[in-house]
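# Residue-level structural notes
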Amino acid sequence: MVTNVINVVVFFKLRKNDPINISLFGLAVSDFLICLTTLGFFTGTSVWLIEILFNKFRIQPIHVIYLAIGVPHSECVRITLLLTAFIASQRCICVVFPLHVKRLITHRRVIVAVVICYILGLTDIIQVGLMNRLRWIYHPFLNTTILSHVMMDNFFSVGVILAPIKLTIFLLIPFAAVAVSTGVLVSNLKRVIVFRQAAVLSSAPVAVDQPKEIKISKMVIIICILYIICYIPNIAFVILVSFTPDTNLQYSQRPNLQLIFYSGFLMDTINSSVNIWIYYFNSSNYKNVFKKTFCMKSDE
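### A look at the pairing of strand β1 (residues 132-139)
The pairing of β1 with strand β2 (residues 144-151) spans 8 bridges and is classified as antiparallel. Directly across from I137, in β2, lies its bridge partner I146. Linking two consecutive strands that pair antiparallel, namely β1 and β2, is a turn of 4 residues; a positive phi of about 55° is found at N143 within it.

The following block contains the structure:
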């Protein structure tokens, strides 16, 4: 989480330099929330805490953690998916329409887009709030009441309808946008490198795609590739749960689903934690602000 806080601070200071820094600031915030909820989830599911909550307070820990931490974590993951797709598309526009970038991508439009990503990512909370409850349920076997998660009568019928929609909007479309944009950026980067090499050999001046632009493209490509690799477990889990809604709270009874679920949590955290190194080694502005902010000498 420390690295995410650093990213938030640095990109907040860089927000006026380039519109893409606003997008990266929004991504840093969602990454921080992912790491925070991951920490809360694994702390809440620790054996000692489960025993205390269940034995002393008669609370079903897994059910409470699902609603209190698992759901917010999923919302933050959706926000990260949408923002990564937006950043990739944003950079793709810069490459495809270089002469119209300043007109098409403005600070105000990027801020609006980031806010929309957050709003869309948080919409699922409405469904969760309407379809789920925490209630004291009497358990005859234990002869006591326990605070447990209860699903409303229309949970599964609504879930079957909404699952394909959410799968398409929050997973398939962002994933496809990242894949296509990454392909375009890689193709353009190869073309630029070949062009620059030819220009150097012929002693001709290079008039397009300055090194700064190449570094930004490389940085976005690395972020996208990391995103694609890290979210494969999530894609598998969401697809399985989307077509079998009853597995939402029964994954602990299915070893394969449990493995995919925890792998997704781990990969979420990895994807959200290592971006600092990508930024530091591919952005001179980030490196300079980082050094100035944390009492180190900048490169300038």
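We are not done yet, so read on.
### What to know about the nonpolar core
Grouped together as the largest cluster of nonpolar side chains are 51 residues, with contacts concentrated most on V10, L24, L83, V220, Y231, Y279 and Y286. For this core, the elements supplying multiple residues, two or more each, are α1 (2-13), α2 (19-44), α4 (61-96), α6 (107-122), α8 (155-201), α9 (211-230), α12 (275-282) and α13 (284-293). Looking at this core element by element, the count peaks at 11 residues for α4. When residues no more than four places from it in sequence are discounted, the contact partners of Y231 are I34, V77, T80, L81, D268 and N271.

### Structural notes on the pattern of salt bridges
Taken as a whole, this structure holds 1 salt bridge when the rule is applied. In this structure, R78 engages E75 in a salt bridge whose closest nitrogen and oxygen atoms are separated by 3.0 Å. Here the residue R78 and the residue E75 both occupy positions in helix α4, the gap between them amounting to 3 residues, near one helical turn. With relative accessibility at 15%, the residue R78 sits in the buried group. For E75, a relative accessible area of 1% puts it in the buried group.

### A few points about empty space enclosed by the protein
Empty space among the atoms becomes apparent when a probe as large as a water molecule is rolled across them. By the definition in use, this model includes 2 cavities of 30 Å³ or more. The computed volume of the second largest cavity comes to approximately 40 Å³. Contributing to the lining of the second largest cavity are L27, D31, T80, T84, I223, Y227, N271 and N275. Of all the elements in the fold, those that place two or more residues in the lining of the second largest cavity are α2, α4 and α9. The residue makeup of the lining of the second largest cavity, split by class, is 3 nonpolar, 4 polar and 1 charged.

### Observations concerning the environment of Q60
Of note, Q60 is situated in the loop between α3 (47-57) and α4. As a C-alpha pair, Q60 and I50 span 10 residues in sequence and 8.0 Å in three-dimensional space. When neighbours within four sequence positions are excluded, Q60 is seen to be in contact with F54, I146, L147 and S148.

### Quick notes on α4
A rise of 1.5 Å per residue sets the reference length of α4, with its 36 residues, at 52 Å; its end C-alpha atoms lie 51 Å apart and thus fit the reference within 8%. The axis of α4 is deflected most strongly, by about 35°, at L67.

About the thresholds
Residues numbered from 1 in each chain as written. Predicted model: local features only at pLDDT ≥ 70, side-chain atom pairs only at ≥ 80, totals over all residues. Heavy atoms only, no water. Pairing = 2+ DSSP bridges. Helix = DSSP H or I, 4+ residues; strand = E, 2+ residues; numbered from the N terminus. Core = buried A, V, L, I, M, F, W, Y, C linked by side-chain atoms within 4.5 Å. Buried < 20%, exposed > 50% of the residue type's maximum accessible area, 1.4 Å probe, protein only. Contact = heavy atoms within 4.5 Å. Salt bridge = Lys/Arg side-chain N within 4 Å of Asp/Glu carboxyl O. 1 Å grid on protein atoms, 1.4 Å probe; cavity = no way out; pocket = protein on both sides within 12 Å on 5 of 7 lines; lining within 4 Å. Points joined across faces, edges and corners; volume = space filled by probe spheres on them. Nonpolar A, V, L, I, M, F, W, Y, C, P; charged D, E, K, R; others polar. Expected span 1.5 Å × (residues − 1). Bend = angle between axes of the 7 residues up to and from the residue.

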